[in-house]
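Structure at a glance
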Amino acid sequence: ERSRVRSNESTRSSSTPDRCGLRVLHVTSACDPEHTIAASAFWWADALAQRCARVDVVALDTGGCARSNMKLHSLFRRRTRSRWRVATRLLTLLARLVPTVDVVFCQYSTKFVFACWPFAFVFRKPVVLWWSHGHVDWKLRLATRLVSAVVTSSPDSFRSASAKKRVIGHGIDVETFSPLRQEAVGTSEMSTRIRILSLGRITPVKDVRTIVVAAGILRARGRGSFALDLVGDTGRSGDAEYLGELKALSRKLHLDDTVHFLGPVPHSNAVALLRDADIFVNAQAAGGVGRAWLEAMAVGVPPVLCTAALDQVLNEDDRQLLRFRDHDPEDLADRLGALMTLPVAERRDLGLRMRKIVVRDHSLDNLAGALVGVFLNVTGRGDLTQMAK
């Protein structure tokens, strides 16, 4: 699926944007197109490399085929994961790289800001933080004071009041996350098994239990043939126990032939999973605009969600169809059932409307251009009204 991982730059489109002279240090958790959670960081760095003179990426794990002006620096060298060695290598890399760049871009974690800031302060380099999470604590407030700008995906994805906030969208690779061609999909209206997909970490905050209970309600209502695929890994303490509880609940509701726990998959497989799905579901109520459900929309799969962030993305009619009350499996079952009974052509048209929204407001090209615009602004080389395209 990831045909864009390529070693020959001559294969690139003639529409590749002109590069500015910026040299960027990108510090992130993982930079690998096959990573199960953070694969998007690789494509962000790749898009920045198209627009900048040089991009150095420092990450715990790295992989993929980088462009000639993009260098990957892994902190997990020689298979060691000793915290002391990782910290030592990080500081060594920062001491060497920060003086050579124009801007430092820290993605996902305030820890990266705290590690980079002393070097950025000494060498007078601006730091930009990407934050897309509803949680606000003292670490985020402190990091906000240290950086020149905070970029985020939506207004409520960074909830700390600050003039440094810049909303730039979510950066979905709409070339890769795209629907199948119409002729490949077919136009049959015959009754087939509806595939419902939930993709994300299996953890209590995602409220996967509500999804499983809703599947049991649909089954009890005789809502036709459907399958629910739950794709995701357990990460934090207690998640494995939660997964065990979900499997036990599925057995109790006699859903063994309906609910499938598929475990983690490489991010590159997400496109195929989404293309096979008819409906995407996510029961996490907190947080801002989510990457997983935007990727589903980009593939043309309508998402059923309970988050208030949906209000920022969809019009009122679509929200009434696709948004359910959080922690309410009955309401979720109603929404899923309504979509399941839609004619195939109507459900497909709904999905294509969803895709147009992502292309317009959350594409990777738009984000990369806006991000470069922020970099130019904080380095004093341009203003935000003239963001790079």
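If you're wondering where the values come from, they're calculated on a predicted model, not measured in any experiment.

The next point concerns the pairing of strand β6 (residues 149-152). Burial along β6 is two-sided: A149 and V151 and V150 and T152, pointing in opposite directions, are all buried. The sheet contact formed by strand β5 (residues 127-130) and β6 spans three bridges and is parallel. Bridging across to β6, L129 finds its partner in V150. Read as a crossover between parallel neighbours, the route from β5 over helix α4 (residues 138-146) to β6 is right-handed. Across three bridges, β6 lies against strand β7 (residues 165-167) in parallel orientation. Within the sheet, the bridge partner assigned to V151 lies in β7 and is R166.

Another point: empty space enclosed by the protein. This structure, assessed with the given rule, holds four cavities of 30 Å³ or more. Space inside the largest cavity adds up to approximately 70 Å³. Looking at the lining of the largest cavity, the elements with two or more residues in it are β8 (194-199) and α6 (208-220). When its residues are assigned to classes, the lining of the largest cavity shows six nonpolar, three polar and two charged. Volume-wise, the second largest cavity comes out at about 50 Å³. Contributing to the lining of the second largest cavity are 11 residues, with S40, W43, G171, D173 and R291 lying nearest its centre.

Now for the nonpolar core. Ranked by size, the top nonpolar core spans 59 residues in total, and within it I196, W293, M297 and V304 carry the most contacts. A per-element tally of this core places α6 first, with eight residues. Setting aside its immediate chain neighbours within four residues, M297 contacts P303, V313, L314, G351, M354, R355, I357 and V358. W43, V57, M70 and V103 belong to the second largest nonpolar core, which has 31 residues in total.

What follows deals with the sheet that holds β8. The strand order across the open sheet built from five strands is β10-β9-β8-β11-β12, with neighbouring strands paired in parallel fashion. In this open sheet, the two strands that pair with only one neighbour each are β10 (259-263) and β12 (303-305). Geometrically, the sheet is characterised by an average inter-axis angle of 25° between neighbouring strands, direction not taken into account. Of the strand pairs in this sheet, β8 and strand β11 (residues 279-282) are connected by two bridges, and their pairing is parallel. Looking at the pairing, L197 lines up with F280 of β11. Strands in contact with α6 are β8, β9 (226-231), β10 and β11; relative to β9, the strand with the most contacts, it is inclined by about 170°.

Once that is clear, we can look at a nonpolar patch on the surface. Residues F121, V122 and F123 make up a contiguous nonpolar surface patch of roughly 330 Å² in combined accessible area. Along the chain, F121 falls in helix α3 (residues 110-122). The exposure class of F121 is exposed, given its relative accessible area of 57%.

Within the chain, R124 stands out as a residue other than glycine whose phi angle is a positive 55°. Within the secondary structure, R124 is located in the loop between α3 and β5. One non-glycine residue with positive phi stands out, namely H327, at about 60°. Looking at the element boundaries, H327 is found in the loop between α10 (316-322) and α11 (329-340). Under the relative-accessibility criterion, H327 is labelled exposed at 54%.

The sheet built from seven strands is open, its strands ordered β3-β2-β1-β4-β5-β6-β7 with parallel pairing. Taken across any chain shown, the strands that pair with only one partner, and hence form the sheet edges, are β3 (70-74) and β7. Strand after strand, the sheet turns through a mean of 20° between neighbouring axes, direction not considered. Across eight bridges, the pairing between strand β1 (residues 23-31) and strand β2 (residues 54-62) is parallel. The residue bridging V27 from the neighbouring strand is V58, located in β2.

As a further point, take the side chain of D46. With respect to the helices and strands, the residue D46 is situated in helix α1 (residues 40-51). Overall, the relative accessible area of 5% leaves D46 in the buried class. A distance of 2.7 Å separates polar atoms of two side chains, one belonging to D46 and the other to R67.

Cut-offs applied
- Residues numbered from 1 in each chain as written.
- Predicted model: local features only at pLDDT ≥ 70, side-chain atom pairs only at ≥ 80, totals over all residues.
- Heavy atoms only, no water.
- Buried < 20%, exposed > 50% of the residue type's maximum accessible area, 1.4 Å probe, protein only.
- Helix = DSSP H or I, 4+ residues; strand = E, 2+ residues; numbered from the N terminus.
- Pairing = 2+ DSSP bridges.
- Right-handed = clockwise from strand over helix to strand, strands pointing away.
- 1 Å grid on protein atoms, 1.4 Å probe; cavity = no way out; pocket = protein on both sides within 12 Å on 5 of 7 lines; lining within 4 Å.
- Points joined across faces, edges and corners; volume = space filled by probe spheres on them.
- Nonpolar A, V, L, I, M, F, W, Y, C, P; charged D, E, K, R; others polar.
- Core = buried A, V, L, I, M, F, W, Y, C linked by side-chain atoms within 4.5 Å.
- Contact = heavy atoms within 4.5 Å.
- Axes fitted to C-alpha atoms, helices over the stretch in contact; angles between N-to-C directions.
- Patch = residues over 30% accessible without salt bridge, like charges linked within 9 Å, V, L, I, M, F, W, Y side chains within 5 Å.
- Areas by Shrake-Rupley, 256 points an atom, 1.4 Å probe, with all protein chains shown as cover.
- Salt bridge = Lys/Arg side-chain N within 4 Å of Asp/Glu carboxyl O.
- Polar contact = N/O pair within 3.5 Å; in protein donor to acceptor, adjacent residues only side chain to side chain.

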